[in-house]
Amino acid sequence: MSTFLFNHIALSVKDVDQSTAFYQKLFQLKEIENTASGSKTRWLSLGEGKQLHLIPLPDAEIKTNKAVHFALTTSNFNAFVLYLDELKIEYSDWLDTPNKDYIRKDGIRQVYFQDPNGYWVEVNDDVQ
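All figures in this text were calculated on a predicted structure; none of them were measured in a lab.

S.K.: What is the right way to read the environment of Gln 114 from this model?
M.R.: Relative to the assigned elements, Gln 114 resides in strand E7 (residues 109-114). Distance from Gln 114 to Leu 46, taken between C-alpha atoms, is 18 Å for residues 68 residues apart in sequence. Reaching out from Gln 114, the side chain makes a polar contact with the backbone oxygen of Gly 118 at a distance of 2.8 Å.

And the structure:
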């Protein structure tokens, strides 16, 4: 059987420049070359060869719910939550309690928020 590794997440976005700026500002992600095509799709590095691809589809209908999300982890969880406050980005716990983090049964803290297109993002402190 083959071994599989995570490669990238692709999101369709209404405004690729706005979405790129959001992810770069929030997570300090570096833009990398889109080597797949000459399209306006923009690629951001998540580190360790993992990528976020932002595909401009201004007329696409985007439907989301919190159960469909991607998660990033940080060892500076408290500082990140303060940064969300500073940027005035609304966040909640899993139960939708505004401006509150959630502590899972295993002790991992997490917050959820939405990007400019409504996609859900989780940030947690599950650093191993």
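S.K.: For this particular structure, what's the right way to read the nonpolar core?
M.R.: Here is a general trend for soluble globular proteins: nonpolar side chains tend to be buried in one another's company. In terms of nonpolar packing, the biggest core is built from 25 residues, with Leu 11, Tyr 23, Phe 27 and Phe 113 touching the most fellow members. In terms of residue count, helix H1 (residues 16-27) provides more of this core than any other element does, five residues in total. Contact partners of Phe 113, with chain neighbours within four places excluded, come to Phe 22, Leu 26, Phe 27, Phe 80, Leu 84, Ile 89, Glu 90, Tyr 91, Tyr 119, Trp 120, Val 121 and Val 123.

S.K.: Help me understand the pairing of strand E1 (residues 8-13) in this model?
M.R.: The two faces of a sheet get side chains in turn, since along a regular strand they alternate between them. Burial along E1 is one-sided: Ile 9, Leu 11 and Val 13 are buried, and none of His 8, Ala 10 and Ser 12, which face the opposite way, are. For E1 and strand E4 (residues 50-56), the ladder comprises six bridges, and the chain directions are parallel. Following the sheet pairing, Ile 9 is matched in E4 by Leu 52.

S.K.: Is there a simple way to think about the sheet that holds strand E2 (residues 30-32) in this case?
M.R.: Strand order in the open sheet made by the four strands is E1-E4-E3-E2, with mixed pairing throughout. Each edge of the open sheet is held by one strand with a lone partner, namely E1 and E2. Neighbour-to-neighbour, the strand axes of the sheet open up by a mean angle of 30 degrees, direction not taken into account. Of the strand pairs in this sheet, strand E3 (residues 42-47) and E4 are connected by five bridges, and their pairing is antiparallel. Across the sheet, Ser 45 pairs through a bridge with Gln 51, a residue of E4.

Parameters and conventions
- Residues numbered from 1 in each chain as written.
- Predicted model: local features only at pLDDT ≥ 70, side-chain atom pairs only at ≥ 80, totals over all residues.
- Heavy atoms only, no water.
- Helix = DSSP H or I, 4+ residues; strand = E, 2+ residues; numbered from the N terminus.
- Polar contact = N/O pair within 3.5 Å; in protein donor to acceptor, adjacent residues only side chain to side chain.
- Core = buried A, V, L, I, M, F, W, Y, C linked by side-chain atoms within 4.5 Å.
- Buried < 20%, exposed > 50% of the residue type's maximum accessible area, 1.4 Å probe, protein only.
- Contact = heavy atoms within 4.5 Å.
- Pairing = 2+ DSSP bridges.
- Axes fitted to C-alpha atoms, helices over the stretch in contact; angles between N-to-C directions.

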